[in-house]
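Residue-level listing of the chains:
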Amino acid sequence: MQHQPSQDEPNVDPQLTSRLILLLCIVLIFTVMNGTMFNVAIPDIAEHFNLLPSQVSWVMTGYILVFSIGSLMYGKLADIYPIKNILTFGLIMFAAGATLGLVAPNYPTLLMARIIQAMGGATIPALAFIIPARFIPGERGRVFGIISSTVAFASGVGPIAGGVIGGVLSWRFLFIFSMLAVLAIPFLRRWIPDEEKRPGVVDVPGAVFIASTVAGLLVFITTGMWWATILFAVGLVLFIWRTLTAKHPFIKPSLLKNKRYAVTVATSFMGTSVLFGMIFIIPIMLRDLNELNTLAIGLVLFPGAMAAGLIGQAGGRLVDRKGSVPVVKLALILVAAGTLCISTFAGYNPVVIAACLLITYLGFPLIQSSTANLLATIVSKKETGVGIGLFNLLNFMSAAIGSAVYGRILDMESAAVLFNPLARQGDNVIYTNLFLSLSVIALLALTLFTRKFKEEPLPRD
């Protein structure tokens, strides 16, 4: 059905739409690659500053922590303040943090630089999903598909770029890549429509309580520090109390009680945990079983990442044509099939693994674009920002939780029982079982989603 813009929707010049989408994708590439490039630079940073693994891990942990919380906070702010101003602030902070990191004389300064980067960078994915919902509703599915495929592509290319830049030059030069994002500001300010400040208030105590809850959970998962459980428990109790008693809570109870919203977010959480779990486990498996170096591992990941980048626009159009629900199901089937394929052929030639990865990667942009589009349909316009912000927060958390859990399982180094009867017995058993568990999670997500939307079918918009 052709979308007819309402009077409260900002007018967007159709000629500027494609430019805005292109620029959003370029900025997203800077942000996503900033995270994945530093994964391969961690050993070099530890050696440069003479750090223990537990110390240097905060280069990533601190970034993920601030980035995750920021994605929710900026989503809420976007319900009140003009997106153009929030994004301008974010890009300036992102580039400022990168500049500080480039010249950081010691580890505390480097850590501060990464936190500043995260404070700014969190605006980009948070608002990249809100901009299509607000300004390009008639092509929302297609744009979500392009954005999601960009994220998938950048996730795959980041480790390759990080390995090349860090290997040929130095880990410090990774920051120059992020500094370039500031060049997008003049174009974004010209192409994003002007908005007036909307009525509304930010529940600061509620924001502090939910930030404490998320911080406590992520710190415990990634570091195992016992005090983080206290922070999590206290923050959660206070957040629930504040949500039930405040006149204008940070997240309205009606949003949390919306069953279709909850199921969609849970589906995305499980699907994303599978995808990022795969990205986390694959390099370790290829190093352990196939003895590949960092560059070779990146090349195994690259075809899938490239395919995800190419399929995004077609997947988005499929969402616009068929609706979000069938595309969510298709995405989960692809993810389940791909991880089962990897489980079966773990330890085989890397070319075989690359082919299996291709199947899984195809589900990456589809699940992101279809669930984001579905949420934009389910959530009211007044809550689009916080609704998609919470969606982004949980997706980032799923990546952190998955990496921590699978990392601890891999610490066992071996497994005695092979659960996949199609796989061969050998050193691959622990990886075979892990990927089989990922396939099961994807199927559970598919079952949960199918049952809910069969009971309450969503009308086409």
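Here the structure is a predicted model, which means the values were calculated and not measured.

The rules we used
- Residues numbered from 1 in each chain as written.
- Predicted model: local features only at pLDDT ≥ 70, side-chain atom pairs only at ≥ 80, totals over all residues.
- Heavy atoms only, no water.
- Helix = DSSP H or I, 4+ residues; strand = E, 2+ residues; numbered from the N terminus.
- Core = buried A, V, L, I, M, F, W, Y, C linked by side-chain atoms within 4.5 Å.
- Buried < 20%, exposed > 50% of the residue type's maximum accessible area, 1.4 Å probe, protein only.
- Contact = heavy atoms within 4.5 Å.
- Patch = residues over 30% accessible without salt bridge, like charges linked within 9 Å, V, L, I, M, F, W, Y side chains within 5 Å.
- Areas by Shrake-Rupley, 256 points an atom, 1.4 Å probe, with all protein chains shown as cover.
- Salt bridge = Lys/Arg side-chain N within 4 Å of Asp/Glu carboxyl O.
- Disulfide = S-S within 2.5 Å.
- Expected span 1.5 Å × (residues − 1).
- Bend = angle between axes of the 7 residues up to and from the residue.

A. Region of interest: unusual backbone geometry. Residue Glu291 is not a glycine yet carries a positive backbone phi of 55°. With respect to the helices and strands, Glu291 occurs in the loop between helix H13 (259–289) and helix H14 (294–322).

B. Broad picture of the nonpolar core. Ranked by size, the top nonpolar core spans 143 residues in total, and within it Ile45, Leu110, Met278, Ile282, Met285, Leu357 and Tyr361 carry the most contacts. Among the elements that line this core, the one with the most residues is helix H1 (residues 14–49), at 17 residues. Here Ile282 is in contact with Leu301, Ile342, Ile353, Leu357 and Phe435, once residues within four sequence places are set aside.

C. View of a nonpolar patch on the surface. Together, Ile92, Val164, Val168, Leu169, Phe173, Ile176, Leu180, Val182 and Leu183 make up a nonpolar patch on the protein surface, roughly 790 Å² of accessible area in all. Inspection of the secondary structure puts Leu169 in the loop between helix H7 (140–168) and helix H8 (174–179).

D. Just the state of the cysteines, in detail. The full count for this structure, using the stated rule, is one disulfide. A disulfide bridge connects Cys341 with Cys356, and the sulfur atoms are separated by 2.3 Å. On the sign convention where negative is left-handed, the bridge of Cys341 and Cys356, at about -45° about the S-S bond, is left-handed. With Cys341 in helix H15 (residues 324–345) and Cys356 in helix H16 (residues 350–378), this residue pair connects regions lying 15 residues apart in the sequence. Each member of the pair Cys341 and Cys356 is classed as buried.

E. Structural detail: the environment of Cys25. Inspection of the secondary structure assignment puts Cys25 in helix H1. Taking relative accessible area as the criterion, Cys25 reaches 9% and is therefore assigned buried. The contacts of Cys25, once residues within four sequence positions are left out, are Ile146 and Thr150.

F. Examining H7 more closely. With 29 residues, H7 should reach 42 Å at 1.5 Å per residue; the first-to-last C-alpha distance of 41 Å fits that figure. Along H7, the largest kink reaches about 35° and is centred on Val157; proline Pro159 follows within four residues of it. When you tally the buried positions in H7, you get 23 out of 29 residues, the bulk of the element.

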